[in-house]
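Structural description and commentary
Below, each chain spelled out in residue letters.
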Amino acid sequence: MTPEQIAQARQRLLQMRQELLDEAAHAYAESQSLGKDGVPDIGDMSSNSYNQEVLINLSNAQRRAANDIDAALERIAAGVYGICARCEEEIAPRRMEVRPFSRYCVDCKTDVEKYGE
Ligand SMILES: [Zn+2]
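The numbers attached to residues start from 1 for each chain and follow its sequence in the written order. Local features are withheld for residues below a pLDDT of 70 in this predicted model, meaning they are given only at 70 or higher, and side-chain atom pairs are given and counted only at 80 or more; totals for whole chains, interfaces and linings count all residues.

Attention now goes to the overall build of the protein chain. Secondary structure elements are defined from DSSP: runs of H or I of at least 4 residues count as helices, runs of E of at least 2 residues count as strands, and each element is numbered from the N terminus. Of regular secondary structure, the protein chain possesses 5 helices and 0 strands. For the protein chain, the sequential pattern of α-helices and β-strands runs α-α-α-α-α. Expressed as a percentage of its 117 residues, the buried residues of the protein chain come to 14%. Sequence-distant contacts, at least 24 apart, represent 56% of the contacts inside the protein chain between residues at least 6 apart. Think of it as a crowd count around each C-beta: if 20 or more other C-beta atoms lie within 10 Å the residue is buried, if 12 or fewer it is exposed, and in between it is partly exposed, with C-beta placed from the backbone throughout. Here, residue contact means that the backbone-derived C-beta atoms of the two residues sit within 7 Å.

As structure tokens, this is what we get:
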């Protein structure tokens, strides 16, 4: 992938992550009766502990997605984004566009699903 494609993918991943956090924060606000207006007072919480707290409200599927996104962001940081974690071939850019958090090329994904990692 070109640096531009990777930069774009990074933006999308960050956006997807933010959307998940927003959903979780919304669920968190609804599950709590904090503050008189029903909005939790997060002013004195570090964003880290707040994130951890709201992430508890994610469904399993959402949490898995958040993990996938974080792992993809780590691969970008490590410079191995878009490289199959199994055969180390470049993953088709089209596939990365559809699923920017893909870890495997299509062939390996099929194998992993059949035989495990
Ligand atoms: Zn592969």
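Further notes follow.
We now examine the confidence of the model for the protein chain. A low pLDDT score tells you not to read the predicted coordinates there in detail. Considering every residue of the protein chain, the mean pLDDT works out to 84; 79% of them sit at 70 or more. Every residue is assigned a pLDDT by the predictor, reflecting its confidence on a scale from 0 to 100. Mean pLDDT across the elements of the protein chain ranges from a minimum in helix 2 (residues 47-55), with 63, to a maximum in helix 5 (residues 106-115), with 94.

With that out of the way, let us pick up the environment of C87. Within the secondary structure, C87 sits in the loop between helix 3 (60-78) and helix 4 (93-98). For C87 and C105, which are 18 residues apart along the polypeptide, the C-alpha to C-alpha distance reads 8.1 Å. Discounting residues that sit within four places of it in the chain, C87 has contacts with C105 and C108.

This part takes up the nonpolar core. Where a protein is soluble and globular, its nonpolar side chains tend to be buried together. By definition, a nonpolar core groups buried Ala, Val, Leu, Ile, Met, Phe, Trp, Tyr and Cys residues that are joined through C-beta atoms within 7 Å. Residues A9, L13, I69, A72, Y81, I91, M96, F101, Y104 and C105 constitute the largest nonpolar core, which totals 10 residues. Only helix 1 (3-31) and helix 3 provide two or more residues apiece to this core. Residues within four places of M96 in sequence aside, it is in contact with M1, A9, G82, I91 and S102.

Counted residue by residue, helix 5 has 0 buried out of 10 residues, so it is predominantly exposed. Positive backbone phi, at 85 degrees, marks G116, one or two positions downstream of helix 5.

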